[in-house]
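# Commentary on secondary and tertiary structure
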Amino acid sequence: MAVDILASAPFRAPVLVRIGHGSSDAVESASDAIHYLQNRWPHERGHHYLRAMQLCKEAAQGLLPTEVAREAFIAAAIEAYVLA
């Protein structure tokens with residue numbers, strides 16, 4: 001079943017991630033975070049990745065505060081060694 005993703009409210013502060021050897025990217029909302037988690041994330045994905053994906057989807061749907069999703073995304077970035 002597809003999830004309707006809305007243009008979610010911005011995070012209070014962007015989360016900087018560095019995937020690969022490029023420059024850092026600013027992830028500014030739950031919908032941005034979903035894009036990174038689905039399309040740019042390293043192949044090894046752990047518990048925090050799964051939690052961040054779920055909470056970012058819920059935040060993008062307006063079901064929970066974006067800051068909850070932001071904290072989960074930060075935990076996933078730390079777990080994947082991509083937090084800049």
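Anyway, here's the lowdown on the structure attached to this text. Being a predicted model, the structure only gives us computed values, none of them experimental.

## A few points about the environment of A13
Inspection of the secondary structure puts A13 in strand β1 (residues 10–17). The sequence separation of A13 and E28 amounts to 15 residues, and the corresponding C-alpha distance is 7.0 Å.

## Overview of helix α2 (residues 47–60)
End to end, α2 covers 20 Å across 14 residues, agreeing with the expected 20 Å (1.5 Å per residue, within 8%). Every buried residue of α2 is listed here: Y49, A52, M53, L55, C56, A59 and A60. Those residues of α2 that are buried lie in contact with α1 (30–39) and α3 (66–79). Looking one or two places after α2, you find G62, whose phi comes out positive at around 80 degrees.

## Concerning the packing of α2 against α3
Where α2 meets α3, the axes come as close as 8 Å, and the angle between the chain directions of the two elements is 155 degrees. Of the possible angle classes, the one that applies to α2 and α3 is roughly antiparallel. As for the relative orientation of α2 and α3, their crossing is left-handed in sense. Residues H47, H48, Y49, A52, L55, C56 and A59 of α2 pack against T66, V68, A69, A72, F73, A75, A76 and E79 of α3. Split into classes, the residues belonging to the contact of α2 with α3 amount to 11 nonpolar, 3 polar and 1 charged.

## Structural notes on the side chain of S29
Tracing the backbone through its elements, the reader meets S29 in strand β2 (residues 25–29). Judged by relative accessible area, S29 falls into the buried class, the value being 6%. A distance of 3.1 Å separates polar atoms of two side chains, one belonging to S29 and the other to S31. Polar contacts involving the side chain of S29 include one to the main-chain amide nitrogen of D32, which spans 3.2 Å. Other than its neighbours up to four places away in sequence, S29 contacts S8, A9, P10 and F11.

Conventions we followed
Residues numbered from 1 in each chain as written. Predicted model: local features only at pLDDT ≥ 70, side-chain atom pairs only at ≥ 80, totals over all residues. Heavy atoms only, no water. Helix = DSSP H or I, 4+ residues; strand = E, 2+ residues; numbered from the N terminus. Expected span 1.5 Å × (residues − 1). Buried < 20%, exposed > 50% of the residue type's maximum accessible area, 1.4 Å probe, protein only. Contact = heavy atoms within 4.5 Å. Axes fitted to C-alpha atoms, helices over the stretch in contact; angles between N-to-C directions. Parallel < 35°, antiparallel > 145°, perpendicular 65-115°, else oblique. Left-handed = near helix turned anticlockwise from the far one by under 90°. Nonpolar A, V, L, I, M, F, W, Y, C, P; charged D, E, K, R; others polar. Polar contact = N/O pair within 3.5 Å; in protein donor to acceptor, adjacent residues only side chain to side chain.

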